[in-house]
Amino acid sequence: MNIVGVDLGGTYVKIGLVNSTTGVITKKTQIETKLELGNDNVVNRIAEAIQKLTENETYSAVGIGSPGSIDKENGIVRFSPNFPDWHNFPLGPKLSKLLNKKVYVENDANSFVLGEKWFGAGKGKNHIVALTLGTGVGGGIISQNILITGTDGIGGELGHVIIKPHGRLCGCGNYGCLEAYASATAIVKMALERRKKFPDSMIFESNEITAKTIFDAAKQNDRLALIIRDEVVNALAIAITGFIHIFNPQVIIIGGGVSRAGDILFKPLVQQVNEMVMPSFKNSFEILQSPLVENAGILGAASIVLQREKKI
Ligand SMILES: [Zn+2]
């Protein structure tokens, strides 16, 4: 069976035809989102791109991972901070009408955890916590094989647990959120703020400072980079320890650009979490890097269909 996965982003919409048994993306394409052209225009172009991609192919349904708060029953984008005119926008029904297919919509961070469950590091597991460390910090929880989203469907905002009272300002307006310490944006900010104090840091030799520049410098034992790495690890360890105590997950999967730092991030993180959890939780979990990399968005979106229809 083929499924179409649509990863709706602020800049690009990535679309893939996914073999639901193997998790292989057999065809993919991307279009610019061009939000400024209006929501109907975006949906029309998504439909055209899907039709073009699936010419001479068959597929059963479409899954869309969308930013924001989603009414999943009705496929409506209720509110999305970066998509201002998508307020109560019936994305699912509109696309469904254009394609004459079933369309399922889910929040993109939730679709990330679904992608891990069906095709990634959470395969075969029913208790998964997933974090994406990118521009922001997204989160998703699967417990007893159920995606946990709460009464309004907007739960699972793991990036906005407060890990430090009166801490760094977060994009959400609160202070001390995990996102303000562990997103790529925050990591770069932490370096720039200390430029005066550490003018000789290797980090500033680069023209464009990114989270990657900083972790690469940490691998070379750069002092500032190691201070920042420790701060990121500390923030993640506090949050993840909490998630472990609440959900007792088999696995915590970390994706997004920052996760590509690899061992320099994961090794101290696993060690610190094991030091912080209650004795009965020690070594009860794994903390793994997402293996899906740049396909996480499309595979996550395709998994929405599998989870809703619970077909294997
Ligand atoms: Zn926040």
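Residues numbered from 1 in each chain as written. Predicted model: local features only at pLDDT ≥ 70, side-chain atom pairs only at ≥ 80, totals over all residues.

## Remarks on the overall build of the protein chain
Cut-off, in case you're wondering: Numbered from the N terminus, helices here are DSSP runs of H or I no shorter than four residues, and strands are runs of E no shorter than two. When we talk radius of gyration, it's over C-alpha atoms, and the globule rule is simply 2.2 Å times the number of residues to the 0.38. A pair of residues counts as a contact when their C-beta atoms, built from backbone coordinates, are separated by no more than 7 Å.
Within the protein chain one finds 9 helices and 12 strands. A globule of 312 residues ought to have a C-alpha radius of gyration of about 20 Å, and the protein chain, at 20 Å, matches this closely. Projected onto its principal axes, the C-alpha coordinates of the protein chain cover approximately 60 × 45 × 35 Å. Counted over contacts in the protein chain with a minimum sequence separation of 6, partners at least 24 positions apart contribute 60%.

## A look at helix H5 (residues 184–193)
Short version of the rule: Burial in this document is a count-based property: other C-beta atoms within 10 Å of a residue's C-beta are tallied, and the residue is buried at 20 or more, exposed at 12 or fewer, or partly exposed in between, with C-beta positions derived from the backbone. Note that the arc is computed from the directions linking the helix axis to the C-beta atoms.
Within the span of H5, buried status applies to Ala 186, Ile 187 and Ala 191. Buried residues of H5, viewed axially, fall in a sector of 140 degrees; they line one side. Projecting away from the buried face of H5 at angles above 90 degrees are the exposed residues Leu 192 and Glu 193. Check the buried side of H5 and you find it contacts helix H4 (179–182), helix H6 (211–219) and helix H7 (223–247).

## Re the domain arrangement of the protein chain
What counts here: Note that the domain bounds were set by an automatic or database domain assignment. Each residue is assigned to one of three groups, with Ala, Val, Leu, Ile, Met, Phe, Trp, Tyr, Cys and Pro labelled nonpolar, Asp, Glu, Lys and Arg labelled charged, and all others, Gly among them, labelled polar.
Its domain assignment divides the protein chain into domain 1 (2–114 + 295–309) and domain 2 (124–290). Across the contact, 12 residues belong to domain 1 and 15 residues belong to domain 2. Among the secondary structure elements, those contributing two or more residues to the side of domain 1 that touches domain 2 are strand E5 (69–71), helix H3 (108–119) and helix H9 (296–309). Broken down by element, the residue count for the side of domain 1 that touches domain 2 peaks at 6 residues, all from H3. Along the lines of polarity and charge, the residues of the side of domain 1 that touches domain 2 split into 6 nonpolar, 3 polar and 3 charged.

## Section: the sheet that holds strand E1 (residues 2–8)
Using the following cut-off: In this description, strands pair whenever DSSP reports at least two bridges between them. Lines fitted to C-alpha atoms define the axes here, with helix axes fitted over just the stretch in contact, and angles between the N-to-C directions of these axes take values from 0 to 180 degrees.
The mixed open sheet is built from 5 strands, whose spatial order is E3-E2-E1-E4-E7. Each edge of the open sheet is held by one strand with a lone partner, namely strand E3 (25–32) and strand E7 (102–107). Taken pair by pair, the neighbouring strands of this sheet meet at an average axis angle of 20 degrees, ignoring direction. In this sheet, strand E4 (residues 61–66) lies alongside E1 in parallel orientation, the contact comprising 4 bridges.

## With respect to the pairing of E7
Burial runs high along E7: 5 of the 6 residues are buried. Across 6 bridges, E4 lies against E7 in parallel orientation. What sits directly across from Gly 63, in E7, is Tyr 104.

## Overview of the packing of helix H1 (residues 39–53) against helix H2 (residues 91–99)
For clarity, the threshold we go by: Working definition: roughly parallel below 35 degrees, roughly antiparallel above 145 degrees, roughly perpendicular at 65 to 115 degrees, and oblique for all remaining angles. Crossing chirality is assigned from the near helix's rotation relative to the far helix, an anticlockwise turn below a right angle marking it left-handed and a clockwise turn marking it right-handed.
The N-to-C vectors of H1 and H2 enclose an angle of 45 degrees; their axes lie 10 Å apart at closest approach. Accordingly, the angle class assigned to the pair H1 and H2 is oblique. H2 is crossed by H1, and the crossing has right-handed handedness. Residues Val 43, Asn 44, Ile 46, Ala 47 and Ile 50 of H1 lie in contact with H2, whose contacting residues are Leu 91, Lys 94, Leu 95, Leu 98 and Leu 99. The class makeup of the residues in the contact of H1 with H2 is 8 nonpolar, 1 polar and 1 charged.

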